[in-house]
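Descriptive structure summary
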Amino acid sequence: MEYSEGVKKYIEKAKKELAKRREYLKSLKKKKFDTLAVHGIYSVEEAFEGGKGGIIEPIFTSTSQAYKDSDEMEAALAYLIPTWCYSRIVNPSVTYLEETLSLLETYGTPYFASALCTSAGMSAIKQAVEPFLDLNIKYKKGVNFVSTAQCYGGTFQLFNLRMNERGAKVRWVQKPWEIKEWEKLVDEDTRFLYGEMPSNPQQSCFDIEEVAKLAHSYNIPLIVDATVGTPALLRPLAFGADIVVHSVTKTLGSGGFSIGGAIIAKENIISKHLPEEIKEDYCLWLKLWPFRDSGPCMSPYSAFLFLNEVRTLRIKVKNFSQNTMKVAEFLKSHPKVERVDYLGLEEHFLHKIAKKYMKLADEDINLYGHLLSFNIKGTAEDTRKVFDSFKMIWRATDLGRVKSVATIPAISTHQQQGEEGRKLAGIPQTMIRLSVGAEAPEDIIADLDQALKKI
């Protein structure tokens, strides 16, 4: 299509701005993790250009962007120049969060990535995987994907029911820590491999490098849900993963003020099923096309809240992890506890794999996050009695909070996947999931102790 001289001028101007931005992103690669978390991409220069010097990113509450003239509008709506046009598609406040998460997920690597923030973690997962399952592209017959069975209940339902309704069959890996278990499920019709690490609530994990190599040998991507670890502890893109998804609601947004999700994808992801122009910048393509049409956008208010949560991410994750280790040590020696699943415990059978990947950014120490689960030595009724006896620990389906929160997965987060599905994922009726917060660990332990004494 031939564009007017006015449109061409806007295109040329945009090319220069994009080149300048790329150089700025390269310079940010030299900054430390905490600096990136605190500042993101919002610079002093930008603040004085359009924010009257405000040191905190502004909230763009407008529904849409105005244009100087028809030439700029034409260039923008043809996606020939950067634009935020309409908040369902792009919003500057959300972009600040997306760029910050991209920098954190690629921290310490030579890679560049782009991000897409969504209304919830589940919408991020759905948006991330659906394009690979388009049944109109090659290999229609036998379309499948492979996923760890140990995953969030909502993910299990999405994969087991909703994707199956579309004709795409999930193949569950029951022992994802064994690479042979993955290998026997992958074939030429497999669209992607998917894993949650550490898993909610079982604390399952897998060797990301080995699984990524397997995926790439079939020319398909590896997608990792790293919600629990966050980029402060775990950055899967550094180890070969192509795409990372988060429920930003959880650890990234530990204050518990809003709901959101995020997809972060490397430039030039691997997939034999997608055209080159999509693989080049997967998140941007998602944003401008399928995401635009389905509309699961994040509110600018939510983005603003999350940005301020992320500024202290590494500090909080360090605190949560250290507290959780103390709680796990207490629980493993308690006579009323049959089993404790926490990757930080050296005797845990997956500790060695977790130790390879989970390390606090900029400090040479292994930490293992805020989530653990423990099984009561007794019945399902005993488990409920302990749970109902908590006085300080909150009873809710939430996790990643600055406040400690517990749930019984079998009757809450994983109830709808049924007994067979829970057995497949390793979730007994006697399991309690505990997300340890920032309280003094002695007080968390005291609350657990008094509740366990009720049986």
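Values in this document were obtained by computation on a predicted structure and should not be read as measured data.

How each quantity is defined
Residues numbered from 1 in each chain as written. Predicted model: local features only at pLDDT ≥ 70, side-chain atom pairs only at ≥ 80, totals over all residues. Heavy atoms only, no water. Helix = DSSP H or I, 4+ residues; strand = E, 2+ residues; numbered from the N terminus. Axes fitted to C-alpha atoms, helices over the stretch in contact; angles between N-to-C directions. Parallel < 35°, antiparallel > 145°, perpendicular 65-115°, else oblique. Left-handed = near helix turned anticlockwise from the far one by under 90°. Contact = heavy atoms within 4.5 Å. Nonpolar A, V, L, I, M, F, W, Y, C, P; charged D, E, K, R; others polar. Buried < 20%, exposed > 50% of the residue type's maximum accessible area, 1.4 Å probe, protein only. Polar contact = N/O pair within 3.5 Å; in protein donor to acceptor, adjacent residues only side chain to side chain. Core = buried A, V, L, I, M, F, W, Y, C linked by side-chain atoms within 4.5 Å. Pairing = 2+ DSSP bridges. Salt bridge = Lys/Arg side-chain N within 4 Å of Asp/Glu carboxyl O. Expected span 1.5 Å × (residues − 1). Phe/Tyr/Trp six-rings, centres within 6.5 Å; stacked < 30°, edge-to-face > 60°. Lys NZ or Arg CZ within 6 Å of the ring centre and 35° of its normal.

So, on to unusual backbone geometry. Note that the residue after Met 197, namely Pro 198, is joined by a cis bond; omega there is -15°. The residue Pro 198 is located in the loop between strand S4 (190–196) and helix H9 (208–217) in this model. In the segment running from Asn 200 into Pro 201, the intervening peptide bond is cis, with an omega of 10°. Relative to the elements of secondary structure, Pro 201 occurs in the loop between S4 and H9.

Here the focus is the packing of helix H15 (residues 313–332) against helix H19 (residues 441–452). Closest axis-to-axis distance for the H15/H19 pair is 9 Å, and the angle between their directions is 30°. Between H15 and H19, the angle falls in the class roughly parallel. When you trace H15 past H19, the crossing you get is right-handed. Residues Asn 323, Lys 326, Val 327, Phe 330 and Leu 331 of H15 touch H19, and the partners they reach there are Pro 441, Ile 444, Ile 445, Leu 448, Asp 449 and Leu 452. Its residues placed into classes, the contact of H15 with H19 shows 8 nonpolar, 1 polar and 2 charged.

In this fold, Thr 190 is placed in strand S4. Note on Thr 190: relative accessible area 0%, which makes it buried. Here the side chain of Thr 190 touches Asp 187 through a polar contact of 2.9 Å, landing on its backbone nitrogen. Beyond its immediate chain neighbours, meaning those up to four positions away, Thr 190 contacts Asn 144, Phe 145, Val 146, Arg 171, Leu 185, Ile 220 and His 273.

What follows covers the nonpolar core. Within the largest apolar cluster, 89 residues are counted, with the highest numbers of intra-cluster contacts made by Leu 193, Leu 331, Phe 374 and Leu 448. With residues near it in sequence (within four places) discarded, Phe 374 still touches Leu 331, Val 337, Arg 339, Val 340, Thr 430, Met 431, Ile 432, Leu 434 and Leu 448. Listed in part, the 32 residues of the second largest apolar core include Ile 125, Leu 158, Phe 192 and Ile 278.

Within a beta sheet, neighbouring strands are joined by backbone hydrogen bonds and run either parallel or antiparallel to one another. An order of S8-S9-S12-S11-S10 is seen for the 5 strands of this open sheet, with the pairing classed as mixed. Sheet topology places strand S8 (337–341) and strand S10 (394–395) at the edges, where each strand pairs with a single neighbour. Sitting on the sheet, H15 is in contact with S8, strand S9 (371–376) and strand S12 (431–435), with an inclination near 10° to S9. Helix H17 (residues 380–388) contacts S9, S10, strand S11 (405–407) and S12 of the sheet and is inclined by roughly 25° relative to S12.

For helix H14 (residues 300–310), the complete set of buried residues consists of Pro 300, Ser 302, Ala 303, Phe 306, Leu 307, Glu 309 and Val 310. Packed against the buried residues of H14 are helix H2 (33–39), helix H5 (92–105) and H15. N-cap assignment for H14: the residue whose side-chain oxygen lies 3.0 Å from the backbone N of Tyr 301 is Ser 299.

Below, the discussion takes up the pattern of salt bridges. On inspection of all chains with the given rule, the structure shows 31 salt bridges. A salt bridge links Asp 34 to Arg 314, with the shortest nitrogen-to-oxygen separation between them at 2.9 Å. On the criterion of sequence distance, the pair formed by Asp 34 in helix H2 and Arg 314 in helix H15 is long-range, its members being 280 residues apart. Given the relative accessible area of 25%, Asp 34 is considered partly exposed. Between Glu 309 and Lys 316 there is a salt bridge; the shortest N-O distance is 2.9 Å. By relative accessible area, which is 11% here, Glu 309 ends up buried. Three or more residues are tied together by salt bridges with common partners; here these are Asp 34, Arg 314, Lys 318 and Glu 363.

This part covers the environment of Ala 120. Along the polypeptide, Ala 120 turns up in the loop between strand S1 (113–118) and helix H6 (121–129). C-alpha separation for the pair Ala 120 and Gly 53, spaced 67 residues apart in sequence, amounts to 32 Å. Not counting residues within four places of it along the chain, the set of residues in contact with Ala 120 comprises Ile 259, Gly 260 and Gly 261.

Taking 1.5 Å per residue, 12 residues should reach 16 Å; H19 reaches 16 Å between its end C-alpha atoms and fits that length. The complete set of buried residues in H19 reads Pro 441, Ile 444, Ile 445, Asp 447, Leu 448, Gln 450, Ala 451 and Leu 452.

Below, the discussion takes up the sheet that holds S4. Taken in spatial order, the 7 strands line up as S1-S7-S6-S5-S4-S2-S3 in an open sheet, and their pairing is mixed. Edge positions in the sheet fall to S1 and strand S3 (169–173), since each has one partner strand and no second. Sheet twist, expressed as the mean angle between neighbouring strand axes with direction ignored, is 20°. With 3 bridges connecting them, strand S5 (residues 222–225) and strand S6 (residues 243–247) associate as parallel partners. Its bridge partner being in S6, Val 224 is matched across the sheet by Val 244. Along the sheet, helix H7 (residues 153–165) contacts strand S2 (144–148), S3 and S4; its crossing angle with S3, the most-contacted strand, is approximately 145°.

It is worth spelling out the packing of aromatic side chains at this point. Aromatic rings considered in pairs are described by the distance between their centres and by the relative angle of their planes. Evaluated as defined, the whole model comprises 16 aromatic pairs. Relative to Tyr 357, the ring of Phe 239 has its centre 4.7 Å away and its plane inclined at 90°; by these criteria the two rings are edge-to-face. Here Tyr 357 lies in helix H16 (residues 351–357) and Phe 239 lies in the loop between helix H10 (230–233) and S6, a separation of 118 residues in the sequence. What makes Phe 239 partly exposed here is its relative accessible area of 24%. Its end group placed over the ring of Phe 112, Lys 29 keeps NZ or CZ at 5.1 Å from the ring centre.

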